[in-house]
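Residue-level structure breakdown
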Amino acid sequence: MSETIFRGLFDAETASVIAVSDFMACIVSALVIGLILAVMHMYKNTYSKSFIATIATIPAIVCVVIMMVNGNVGAGVAVAGAFSLVRFRSAPGTAKEIGVLFMAMGAGIITGMGYIAYAFLFVIVMGAVDMLYAQLDFGARKRADRERTLHITIPEDLDYVGVFDDLFDQYAGKCELVNVKTTNMGSLFKLTYHITFREAGREKAFIDDVRCRNGNLEVALSNRESGMTEMM
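Predicted model only: the values in this text are computed from it and were never measured.

1. A look at helix α8 (residues 203–213)
Within α8, the full set of buried residues consists of E203, F206 and V210. Buried residues of α8 fall within an arc of 65 degrees about the axis and therefore sit on the same side. Across from the buried face of α8, at angles greater than 90 degrees, the exposed residues are K204 and C212. With its phi angle positive at about 75 degrees, G215 sits one or two positions after the end of α8.

Written as structure tokens, this is what we have:
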């Protein structure tokens, strides 16, 4: 009776049915793997509650999908299309977040194929490497604490070419104009610079000098922007 309940309506008589015990073993294993991934990602990383909950459940979701596809090429193509739609309906995240999402999906695929031990081994090894890199601050730039993105608004009658060069020479060791655009119906220009300060802690004096030069219009100084919208 139990085999009849869990058999698909469109399965052929010769089609094999996944045993309920095997199904539950894979699901529980995938949930444990997701929990391990979530806890590891929380180590020295910024995150939101919803993102951690998603990481904890993705392996189980992917695991079920892989078990249900079970070698069906057509269903596999449909699943790949569904995942691509989810991608375009979601805000892009940081490279770190995208990496842990791929890790969770990979663990779910391995578990769904029945290689539970390999899935645990994969997550433990990759999670340990990820935590080690976080502990060593791997890839951090030496001058990251002095690198900033600067947004300056100037009136349209002020020529932005070279107008702040003396201030940049005084305060910054490196400066690059990366974007110029008009705003407020073309009456203002908004300039975006990437700058590296010579010394930390001189932002206030620099902003005061810029305000005297741009007519006290808006000036914004932030951490160096990567050009990628963060995933919340």
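2. Considering the side chain of S29
Structurally, S29 can be placed in helix α2 (residues 20–41). Reaching out from S29, the side chain makes a polar contact with the backbone oxygen of A25 at a distance of 2.7 Å. Apart from residues lying up to four places away in sequence, S29 is in contact with T111, I116 and F120.

3. Thoughts on the sheet that holds strand β1 (residues 147–155)
Neighbouring strands of a sheet are bound in pairs by backbone hydrogen bonds; such pairs are parallel or else antiparallel. Reading across the sheet, the four strands line up as β2-β3-β1-β4 and stay open at both edges, with antiparallel pairing between neighbours. This sheet does not close on itself; its edge strands, each paired only once, are β2 (172–183) and β4 (219–223). Each neighbouring strand pair of the sheet contributes to a mean axis angle of 20 degrees, computed without reference to strand direction. Of the pairings in the sheet, the one linking β1 to β4 comprises five bridges and is antiparallel in character. Bridge pairing in β4 places R148 opposite N223. Here α8 sits on the sheet in contact with β1, β3 (188–197) and β4, set at roughly 150 degrees to β4.

4. Structural notes on the packing of helix α3 (residues 49–69) against helix α5 (residues 95–112)
Packing of α3 against α5 brings their axes to within 7 Å, and their N-to-C directions diverge by 35 degrees. When you trace α3 past α5, the crossing you get is right-handed. When α3 is examined against α5, the residues F51, I55, I58, P59, V62, C63, I66 and M67 are found in contact with a partner set consisting of E97, V100, L101, A104, M105, G108, I109, T111 and G112. Across the contact of α3 with α5, the residue classes break down as 13 nonpolar, three polar and one charged.

5. Quick notes on the confidence of the model for the protein
Overall, the predicted model of the protein reaches an average pLDDT of 82, with 77% of residues at or above 70. Here residues 227–232 is a poorly scored stretch, pLDDT under 50, and it has 16 contacts once near neighbours within four places are set aside; other chains count.

6. Examining the side chain of T192
Counting through the fold element by element, T192 comes out in strand β3. You can call T192 buried: its relative accessible area is 9%. Looking at T192, its side chain comes within polar contact range of the side chain of H151, at 3.0 Å. Leave out the neighbours within four places in its chain, and T192 touches T149, L150, H151, E176, L177, V178 and N179.

7. A word on the pattern of salt bridges
A full pass over the atoms with the stated rule returns five salt bridges. Note that R148 and E203 form a salt bridge whose closest N and O atoms lie 3.7 Å from each other. Placement of the pair is R148 in strand β1 and E203 in helix α8, with a sequence separation of 55 residues. The class for R148 is buried, based on a relative accessible area of 15%. For E203, a relative accessible area of 17% puts it in the buried group. For R213, the salt bridge identified is with D166, shortest N-O distance 3.1 Å. Here D166 lies in helix α7 (residues 165–171) and R213 lies in helix α8, a separation of 47 residues in the sequence. Under the relative-accessibility criterion, R213 is labelled partly exposed at 30%. The exposure class assigned to D166 is partly exposed, which follows from its relative accessible area of 42%. Sharing partners across several salt bridges, the network here consists of K204, D208 and R211.

Reading guide: rules and limits
- Residues numbered from 1 in each chain as written.
- Predicted model: local features only at pLDDT ≥ 70, side-chain atom pairs only at ≥ 80, totals over all residues.
- Heavy atoms only, no water.
- Buried < 20%, exposed > 50% of the residue type's maximum accessible area, 1.4 Å probe, protein only.
- Helix = DSSP H or I, 4+ residues; strand = E, 2+ residues; numbered from the N terminus.
- Arc of directions from axis to C-beta.
- Polar contact = N/O pair within 3.5 Å; in protein donor to acceptor, adjacent residues only side chain to side chain.
- Contact = heavy atoms within 4.5 Å.
- Pairing = 2+ DSSP bridges.
- Axes fitted to C-alpha atoms, helices over the stretch in contact; angles between N-to-C directions.
- Left-handed = near helix turned anticlockwise from the far one by under 90°.
- Nonpolar A, V, L, I, M, F, W, Y, C, P; charged D, E, K, R; others polar.
- pLDDT = per-residue confidence, 0-100.
- Salt bridge = Lys/Arg side-chain N within 4 Å of Asp/Glu carboxyl O.

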